Amino acid sequence: MEEWKPSPPVKPHKKRSWYLAWKYKLMNQRALRKLCQTGAVLFLLVTVIVNIKLILDTRRAAYEEEEESAQDYDDEMLNVEVPRHPVNNKKVLDVEVYSSRSKVYVAVDGTTVLEDEAREQGRGIHVIVLNQATGHVMAKRVFDTYSPHEDEAMVLFLNMVARGRILIFTIKDEGSFHLKETAKNVLKSLGSQVAPFLSWRDMWTFVGKKGGEVYGEKHAKSPALSTWGDPVLLKTEVHLTSVEDAECHWPDTELNRRRRRFCSKVEGYGSVCSCKDPTPIEFNPDPLKDNRVFDVPVAVIAGNRPNYLYRMLRSLLSAQGVNPQMITVFIDGYYEEPMDVVELFGLSGIQHTPISIKNARVSQHYKASLTATFNLFPDAKFAVVLEEDLDISVDFFSFLSQSIHLLEEDDSLYCISAWNDQGYEHTAEDPSLLYRVETMPGLGWVLRKSLYKDELEPKWPTPEKLWDWDMWMRMPEQRKGRECIIPDISRSYHFGIVGLNMNGYFHEAYFKKHKFNTVPNVQLKNVESLRKDNYETEIHRLLGEAEVLDHSKNPCEDSFVPDTEGRVYVMFIRMEQEADFTTWTQLAKCLHIWDLDVRGNHKGLWRLFRKKNHFLVVGVPASPYSSKKPSSVTPIYMEPPAKEEGAVAVPAVAAAEQT
Amino acid sequence: MQKINRNVVLALLSLTSLVFLLFQLCYYKFYLSQKNGAAFSKARGSQSGQDSTRWHVVRKFLGLLSSHNIPVYLIDPLILGLVDKDIEQIRSSPDGPSPECKYFCAPRDFTTFALLDKMWKHDVGLFRTAEKMGFQWLKIINKDPRLDGMDDLSGMEIPLHYIFKLASHAIHLVVFYERSGNFLWHGPLRLKQHMDRKFVPFRKLHFGRYPGAYEKPELLLVSIDDLKVQIPKNPSSFLEEMSHSRFLECRYREARAFFQLYPDDASLDAVEFRKKAKSLLHLAALTLNNLGVKFWLSSGTCLGWYRQCNVIPHSKDVDLGIFIRDYKADIIPAFQKAGLPLKHKFGKVEDSLELSFQGEDDVKLDIFFFYEEDDHIWNGGTQAKSGKKFKYLFPKFTLCWTEFVELKVHVPCETLQYVEANYGPEWKVPVKTWDWKSSPFNVQDNGVWPIDEWDNVIQIY
């Protein structure tokens, strides 16, 4: 525009258009003209700027739109989808099975699914069940058929396996000593040629389909009693069927969807996976009227015993007044099968990375489970604590509903437990009767939140202390003289045989004959009398009415108690101080009740039933109830047996705890 | 001719640019209104009457939930804002038919409802019915924060948000969980990689940017626009609460790492101190909440929360912060009434106020008052014997909720800056000997109180 020069004024011309006229007019007003020109230039500039801004803005907006919520709504963790394993379209599985004295293994398509070369372990017949459509391992068991009765367990298991499943057998060390005819016949019916003739220290492998073809069998005979058969290695191929053929045709409901998921993964749960008539997985027991424990969370403490958990949850979900939403199963370890069981029943389960070993591991698992329970249900004042090896009585919640207010109101209470340590078939009688005891039985109990949060949780044994949580809870520092309420007839039944501190013999001796209530809706008797002071009145009333037994007779003999029913009897035993349980332990032993440590006492008094009579035992002179002893009666003293036997019993006490 | 050409070109250019600019402005305005919705749609709503799609979707949704016995309540801030204006009228005529559709007809992308987790059974049937009714739905799940603080527990992931979409409208259902500390919590909305980012415009959601903490609301069943819905009994206080609801989870993973390095003190003394500190904090929170005084965890207590998610056992006191603008004269009598006698009072309301109350056995409750300046916040300290004043500087911060020893309490949202200001970059290392006059990273000398004021500004009981 530098060259721009004002043009000399030109006279208007006729022919010129209006435009030119206007132009010249403008030109005459230089200032105005200049203004117009600058205006136009400015205008251009503004347009350009607005344009650029618009473009930028639109682009940014578009970018944001695309990213949607890049900063705010994306998951922080890069959740890269793990590519799923390509679906195995292969129709044939390569199976390798090895049997020898010290090692067994099974490999399916090159993947080892069983390997056991531990010394002094895993003796007997190993059984693996594969899904015939997917080839997945559905169950793994070992039956020590060198020992008695294990073959019966194996028959039971094999009968539960659905038709069509692939079964793999292999023997480690010895598997024939207690393999009885029935079991051999079952193996024969599966197609084994060798099973009927299996003998001492033979090696054997077998792969077959239940109710169908045999894929292979190998056998090595033991040449002499002192030696084992040569190791055998069976290599064979298994043809897979289609998924549809491997599943049952249950109607398509939510429940059956859960059932299908479960049944295609695991085996050995019997009729729950039966195609024709599957057992229900939802129970809908009658609701309880005025249920005061409906909102109390239930923590089920579990390990890797899925069959136990299955049995336990069935009984729990069948109990009247159960609220499945309040149940959480805490699994100690990342075991799949227990979680499958939990999901089968539509419950929620939480897995816990194991901390520490043995008893301390159990103890840490308890702590984590209890803390989590109160976190998940912050409103709860109590929690019910159950273990996976308990049957739950049909009136379990009714029992708690009637008694829980005591735990809320009476500070002298430590817990309510469903278990009476002394409640055996021959010593428990009255389902409506409750006791106060100074020991903490566990095995289905209610914990007060304040007790846990204020007292137990902060000083819970740390992982390096190999303590049992329940022994720790029973220690005077924790219990502080408080008592638990228990029923005469237990509302739980301890069926676990396999466990940390448990074995078959021990179970038979101390748990098998425990009484278990099966009557629904039991109305508890005089619950108010369980309060601290009322209970003393009640005991005094009982002792006042009790007949003193003949102390010259042997208290172990049946004739010690007259052949009556419904009477109250009392006997006095020697108990020098509070901790003197010499005579009591001997008495407990001969009565075949719990004698491994002292349980069920209340101020030197034990209450149980003999021959359907209420039977009271008072320790004199330690018990405050000693004053009820007529002066003519000499308290019974029973000699402990020779020392060695006593020494054996002591470690057993520890072993008896918490299984 | 040259001149004319130039002029003509210029004029033409101006003209086209004018036209173009107008066009651009129009377009821009249209674009803006589409983006924000608000101004534009309000106009449309009132002009063209109503948008019945939204109303129909909400009605269908409420029907769906009531058929499954799932109680929800309305927490949509825009509707609650409208409802709040007419709350008296709505309360007084709970059943009256409404003459016009006032609340549910303003066209919006979302309507937001809340669901208490414990009120429903995670019933799969709900979603099946929803699908049959034509809803598309999206579930946002994530880890359960109530198990996060626990060593190595892995529970199932829990649903935090649901979105039900029908036609052009979507229902945002926020799931609230009860937490220890007697409050409700909702989770953040985070999309996992495989999720459909375009399912709804997620940015427009009112809930989910951050997790939030709320009191348990009292509900009121009302009928608005001929729909029966539950709303918070006091919508305005709910909206107020919503604006300050951001929740911070404790850094449990870091706390675990801390305890790996410095094992926790499990001695009986530590257990006892923690118990006392916890009950003192509960008592203090109760007292201050009753007075309506907003407070936060400060100093050592805040460090304990941030570093180890627990009370530091060797800290020996409980520290709280309060903005001086929230100061009330009732604070001292209220604490005394609660059984906490005043131990000392330093400073005055205008300057460096600090109160100290005596809790059970030696455990002390220190309350520091914070003064806001343009670019920082500070609190003061006073040495009793010399009358020396100290000043502790902090960068500006806002307050967030958190859960601490079973209590819902405030902490500075910018906790790291706060802790770093106070304890320096080495805050991760436990220090057992601490001098409040020299140890803090942010302490400054602030002169001496004039002697004639001492009686007032240094009071020891």
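As the structure is a computational prediction, the values presented were derived from the model and not from experiment.

Conventions adopted
Residues numbered from 1 in each chain as written. Chains lettered and ligands numbered in written order. Predicted model: local features only at pLDDT ≥ 70, side-chain atom pairs only at ≥ 80, totals over all residues. Heavy atoms only, no water. Buried < 20%, exposed > 50% of the residue type's maximum accessible area, 1.4 Å probe, protein only. Helix = DSSP H or I, 4+ residues; strand = E, 2+ residues; numbered from the N terminus. Arc of directions from axis to C-beta. Contact = heavy atoms within 4.5 Å. UniProt positions renumbered as here; feature names shortened; annotations may be inferred. Pairing = 2+ DSSP bridges. Axes fitted to C-alpha atoms, helices over the stretch in contact; angles between N-to-C directions. Parallel < 35°, antiparallel > 145°, perpendicular 65-115°, else oblique. Left-handed = near helix turned anticlockwise from the far one by under 90°. Nonpolar A, V, L, I, M, F, W, Y, C, P; charged D, E, K, R; others polar. Patch = residues over 30% accessible without salt bridge, like charges linked within 9 Å, V, L, I, M, F, W, Y side chains within 5 Å. Areas by Shrake-Rupley, 256 points an atom, 1.4 Å probe, with all protein chains shown as cover. Salt bridge = Lys/Arg side-chain N within 4 Å of Asp/Glu carboxyl O. 1 Å grid on protein atoms, 1.4 Å probe; cavity = no way out; pocket = protein on both sides within 12 Å on 5 of 7 lines; lining within 4 Å. Points joined across faces, edges and corners; volume = space filled by probe spheres on them. Domains from an automatic or database assignment. Phe/Tyr/Trp six-rings, centres within 6.5 Å; stacked < 30°, edge-to-face > 60°. Lys NZ or Arg CZ within 6 Å of the ring centre and 35° of its normal.

Enquirer: Would you explain helix α9 (residues 252-261) of chain B in this entry?
Expert: The α-helix advances 3.6 residues per turn, and as a result positions three or four apart in sequence lie on the same side. All names here are of chain B. Among the residues making up α9, those that are buried are Y252, A255 and F258. With its buried residues spanning 110 degrees around the axis, α9 presents them on a single face. For α9, exposure combined with an orientation more than 90 degrees from the buried face picks out R253, Q260 and L261. Where the residues of α9 are buried, they touch α7 (145-148) and α11 (299-308).

Enquirer: Teacher, can you tell me more about the UniProt feature "domain: LicD/FKTN/FKRP nucleotidyltransferase" (unreviewed entry) in chain B here?
Expert: If you check UniProt for "domain: LicD/FKTN/FKRP nucleotidyltransferase" (unreviewed entry), the listed places come out as residues 292-329 of chain B in our numbering. For the annotated span residues 292-329 of chain B, helix accounts for 26% and strand for 24% of the residues, and the straight-line distance between the end C-alpha atoms is 12 Å.

Enquirer: Please clarify how the sheet that holds strand β16 (residues 434-437) of chain A should be interpreted in this entry.
Expert: Each strand in a sheet pairs with another by means of backbone hydrogen bonds, the pair being arranged parallel or else antiparallel. Strand order in the open sheet made by the nine strands is β16(A)-β18(A)-β15(A)-β17(A)-β13(A)-β10(A)-β11(A)-β12(A)-β4(B), with mixed pairing throughout. Edge positions in the sheet fall to β16 of chain A together with β4 (153-154) of chain B, since each has one partner strand and no second. Strand direction decides the pairing type here: strand β11 (residues 327-332) of chain A and strand β12 (residues 348-352) of chain A, joined by five bridges, are parallel. By the bridge assignment for β12 of chain A, V329 of chain A is matched with G349 of chain A. Running at roughly 150 degrees to β11 of chain A, helix α9 (residues 358-376) of chain A makes contact with β10 (298-302), β11, β12, β13 (382-387) and β17 (445-448) of chain A together with β4 of chain B of the sheet.

Enquirer: What is the right way to read the sheet that holds strand β20 (residues 547-548) of chain A from this model?
Expert: Residues and elements named next belong to chain A. Across the sheet, five strands lie side by side as β20-β21-β24-β23-β22; this open sheet has mixed pairing. Each having just a single partner strand, β20 and β22 (601-602) make up the two edges of the open sheet. Across the sheet, helix α16 (residues 582-590) is in contact with β21 (568-575), β23 (605-610) and β24 (613-621); its angle to β21 comes to roughly 130 degrees.

Enquirer: Where do I start with the packing of helix α7 (residues 306-318) of chain A against helix α8 (residues 336-344) of chain A in this structure?
Expert: Packed helices, taken two at a time, are described by their axes: the angle between them and the distance between them. Residue and element names in this part refer to chain A. Following both chains from N to C, one finds α7 and α8 inclined at 20 degrees, their axes separated by 8 Å at the closest point. Here α7 is positioned roughly parallel relative to α8, judged by the angle of their axes. Read as a crossing pair, α7 and α8 show a hand that is right-handed. Residues P306, N307, L309, Y310 and L313 of α7 touch α8, and the partners they reach there are E337, P338, V341, V342 and L344. Among the residues forming the contact of α7 with α8, the class breakdown is eight nonpolar, one polar and one charged.

Enquirer: For this particular structure, what's the right way to read a nonpolar patch on the surface?
Expert: A cluster of nonpolar side chains, contributed by F43 of chain A together with L12, L15, L18, V19, L22 and L25 of chain B, occupies part of the molecular surface with about 630 Å² of accessible area. Counting residues per element, the nonpolar patch draws most heavily on helix α1 (residues 2-36) of chain B, at six residues. Tracing the backbone through its elements, the reader meets L12 of chain B in helix α1.

Enquirer: Sorry if this is basic, but what is going on with empty space enclosed by the protein here?
Expert: Rolled over the atoms, a probe with the dimensions of a water molecule shows which regions are left empty. Residues and elements named next belong to chain A. Summed over the entire model, instances satisfying the criterion amount to five cavities of 30 Å³ or more. Forming the walls of the second largest cavity are 13 residues, and the residues nearest its centre are Y435, V437, G600, W606 and R607. Going through the elements one at a time, β16 and β23 are the ones with two or more residues in the lining of the second largest cavity. For the lining of the second largest cavity, the per-class residue count stands at six nonpolar, four polar and three charged. Both domains that meet at the lining of the second largest cavity, namely domain 2 (298-527) and domain 3 (531-628), each give it at least three residues.

Enquirer: I would appreciate a short explanation of the packing of aromatic side chains in the present structure.
Expert: Geometry of an aromatic ring pair is reported as the spacing of the ring centres plus the angle between the planes. Applying the stated criterion to the full structure yields 59 aromatic pairs over all chains. The interplanar angle of 10 degrees and the centroid separation of 4.1 Å between the aromatic rings of W584 of chain A and W606 of chain A together place this pair among those described as stacked. In this pair, W584 of chain A is assigned in helix α16 and W606 of chain A in strand β23, connecting sequence segments 22 residues apart. W606 of chain A matches W584 of chain A in its accessibility class, with the two residues each being buried. A connected cluster of aromatic rings, assembled from ring pairs, spans F61, F113, W120, F127, F135, W137, Y162 and F164 of chain B. Here the basic side chain of R574 of chain A rests over the ring of Y637 of chain A, its NZ or CZ set 4.3 Å away from the ring centre. One residue, R325 of chain B, lies across the ring of F323 of chain B, its end atom 4.5 Å from the ring centre.

Enquirer: Honestly, the pairing of strand β19 (residues 407-412) of chain B in this entry has me stumped. Any pointers?
Expert: All names here are of chain B. With six of six residues buried, β19 is to be regarded as a mostly interior element. On β19, burial covers both faces: L407, V409 and V411 on one face and K408, H410 and P412 on the other are all buried. Counted along the chain from strand β18 (residues 399-404) to the antiparallel partner β19, the turn is two residues long, and its residue V405 has a positive phi close to 35 degrees.

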